[in-house]
Amino acid sequence: MAVVGGVCAQTAQPAKELNIYSARHYQTDEQLYGGFTKETGIKINRIEASDNALIERLKSEGAKSPADVILLVDAARLWRAEKDGMFQPVKSTFIDERIPANLRAKADGGGSTWVGYSTRARVIVYNKARVKPEDVNTYEKLADPVNKGQVCTRSGSHPYMLSLVGAMIDRSGEAATEAWAKGMVANQARAPRGGDTDQIKAVAAGECGVALTNSYYLVRMMRSTKPEDQALMAKVGFIWPNQATSGTHINIAGGGIAKNAPHPEAAKKFLEYLATDAAQVYFADGNNEWPAVASVQVENPGLKALGNFKAEDVSVAAMGRNQITAQKILDRARFK
């Protein structure tokens, strides 16, 4: 596919191209884009970069940006882009009927500025030889003194952590969340570092006893045919946290129409396409994510192996709004 270059001024003719800025770096998304082009005849031009790099690029381009659609990962990043004025609302009955309200930005009557199209869970992994599952079956128990010296996490400034803490603020309040953050720091096996796959490997190696990871990283390791990955996973158990209480934390990947989109109608078509059954199956099969549309059935063996679970009922928009408070709490707790 071509890279975004110059974009002609919008005319009355239907758009024949669409410019997407995407923070998704999954090869399987090629099928997703190809399906849209086949269905509509609209060619997709794409720029891929990290979430932060895309946001900075959009800021520098300003009103002259050629971006039509912005795809980002994590509610915290989508909220940040919304606060920076990078989206325009999309009003779509189809999207509203397909995507649950708690997976969309809060609408003000003019439509949602961004929409979640796939979900992932924040699960707990533990070393089978070192940790009892009943000691780590909730997020709150990770901060209990019984787990002192056992906990590994990624950075406290990472959006995955900010969204989790944002959800805890919404559910339990700031005081309880700050007490949890301080307990997490007290229980750390080492200073936070690395990505989610690094946390899984550290648990398997015994560097720590328990860690947090997004579900699709776990499924990726579970589905790996590499002998070394299979050996690691034999040492690791996983838990759906908080099944007897609030449910497991859920986050999203999503997107919206860029504020200065040259092809807004084509952009709306693309966002509606992402909510179709065919596109939703791509998310599940391609990157081990769950469809945002509840009625869509998937056959991904890795997701099936995880089984069913109770998800928390916290709006992703609230998680985003709480991220500034979340960062202040983590800073006060000295969560690096």
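Before reading on, note that the structure itself is shown above.
Summary of the structure given here.

Scoring rules and cut-offs
- Residues numbered from 1 in each chain as written.
- Predicted model: local features only at pLDDT ≥ 70, side-chain atom pairs only at ≥ 80, totals over all residues.
- Heavy atoms only, no water.
- Buried < 20%, exposed > 50% of the residue type's maximum accessible area, 1.4 Å probe, protein only.
- Helix = DSSP H or I, 4+ residues; strand = E, 2+ residues; numbered from the N terminus.
- Arc of directions from axis to C-beta.
- Contact = heavy atoms within 4.5 Å.
- Core = buried A, V, L, I, M, F, W, Y, C linked by side-chain atoms within 4.5 Å.
- Pairing = 2+ DSSP bridges.
- Expected span 1.5 Å × (residues − 1).
- Polar contact = N/O pair within 3.5 Å; in protein donor to acceptor, adjacent residues only side chain to side chain.
- Disulfide = S-S within 2.5 Å.
- Salt bridge = Lys/Arg side-chain N within 4 Å of Asp/Glu carboxyl O.

**Digging into helix α2 (residues 51–61)**
Item 1. Among the residues of α2, Asp51, Leu54, Ile55, Leu58 and Glu61 are the ones counted as buried. End-on, the buried residues of α2 take up no more than an arc of 130 degrees, which puts them together on one face.
Item 2. Elements in contact with the buried residues of α2: β1 (17–22), β2 (43–48), β3 (69–73) and α3 (75–83).
Item 3. Of the residues trailing α2, glycine 62 is marked for its positive phi of about 60 degrees.

**Let's talk about the nonpolar core**
Item 1. Leu18, Ile99, Tyr117, Phe270, Leu271 and Leu274 are the most contacted members of the largest nonpolar core, which has 78 residues in total.
Item 2. Not counting chain neighbours up to four residues away, the residues in contact with isoleucine 99 comprise Arg104, Val115, Gly116, Tyr117, Ala275, Ala292 and Val293.
Item 3. Counting residues in each nonpolar core, the second largest holds 25 residues, with Ala143, Leu164, Leu212 and Ile329 among its members.

**Focus: the pairing of β3**
Item 1. Buried residues dominate β3, accounting for five of its five residues.
Item 2. With burial as the criterion, each face of β3 is covered, one bearing Val69, Leu71 and Val73 and the other bearing Ile70 and Leu72.
Item 3. Here three bridges tie β1 to β3, and the two strands are oriented parallel to one another. Bridging from a neighbouring strand, tyrosine 21 pairs with isoleucine 70 of β3.
Item 4. Pairing geometry for β3 and strand β9 (residues 250–258), over five bridges, is antiparallel. Residue pairing across strands places valine 69 opposite isoleucine 257, the latter belonging to β9.

**Points about helix α1 (residues 29–40)**
Item 1. The first and last C-alpha atoms of α1 sit 17 Å apart over 12 residues, in line with the 16 Å expected at 1.5 Å per residue.
Item 2. All of the buried residues along α1 are Asp29, Leu32, Tyr33, Gly35 and Phe36. For α1, the angular spread of the buried residues around the axis is 155 degrees, confining them to a single face.
Item 3. Among the residues trailing α1, glycine 41 stands out with phi positive, at a value near 80 degrees.

**A closer look at the environment of serine 246**
Item 1. Tracing the sequence through the fold places serine 246 in the loop between β8 (236–239) and β9.
Item 2. Taking the C-alpha atoms as reference points, serine 246 and asparagine 214, 32 residues apart in sequence, are found 18 Å from one another.
Item 3. Not counting chain neighbours up to four residues away, the residues in contact with serine 246 comprise Arg171, Lys310, Ala311, Glu312 and Asp313.
Item 4. At 3.2 Å, the side chain of serine 246 forms a polar contact with the side chain of arginine 171.
Item 5. A distance of 3.4 Å separates a polar atom in the side chain of serine 246 from a polar atom in the side chain of asparagine 242.

**Quick notes on the state of the cysteines**
Item 1. Overall, the coordinates contain one disulfide when judged by the stated rule.
Item 2. Across a sulfur-sulfur distance of 2.3 Å, cysteine 152 and cysteine 208 are joined as a disulfide pair. For the disulfide bridge between cysteine 152 and cysteine 208, the dihedral angle about the S-S bond is near -120 degrees, and by the sign convention the bridge is left-handed. Here cysteine 208 lies in the loop between α7 (196–205) and β7 (210–214) and cysteine 152 lies in strand β6 (residues 151–152), a separation of 56 residues in the sequence.
Item 3. The exposure class of cysteine 152 is buried, given its relative accessible area of 0%.
Item 4. For cysteine 208, a relative accessible area of 0% gives the class buried.

**A short note on the pattern of salt bridges**
Item 1. As enumerated under the stated definition, the model contains 20 salt bridges in all.
Item 2. Here glutamate 61 ties to arginine 57 by a salt bridge, and the two come within 2.9 Å at their closest N and O atoms. Residue glutamate 61 and its partner arginine 57 are both found in helix α2; the two are separated by four residues, about one turn of the helix.
Item 3. In this structure, the salt-bridge partner of aspartate 196 is arginine 122, at a minimum N-O distance of 2.5 Å. Here the residue aspartate 196 occupies a position in helix α7, and arginine 122 occupies one in strand β5 (residues 115–127), the gap between them amounting to 74 residues.
Item 4. Judged by relative accessible area, arginine 122 falls into the buried class, the value being 2%.

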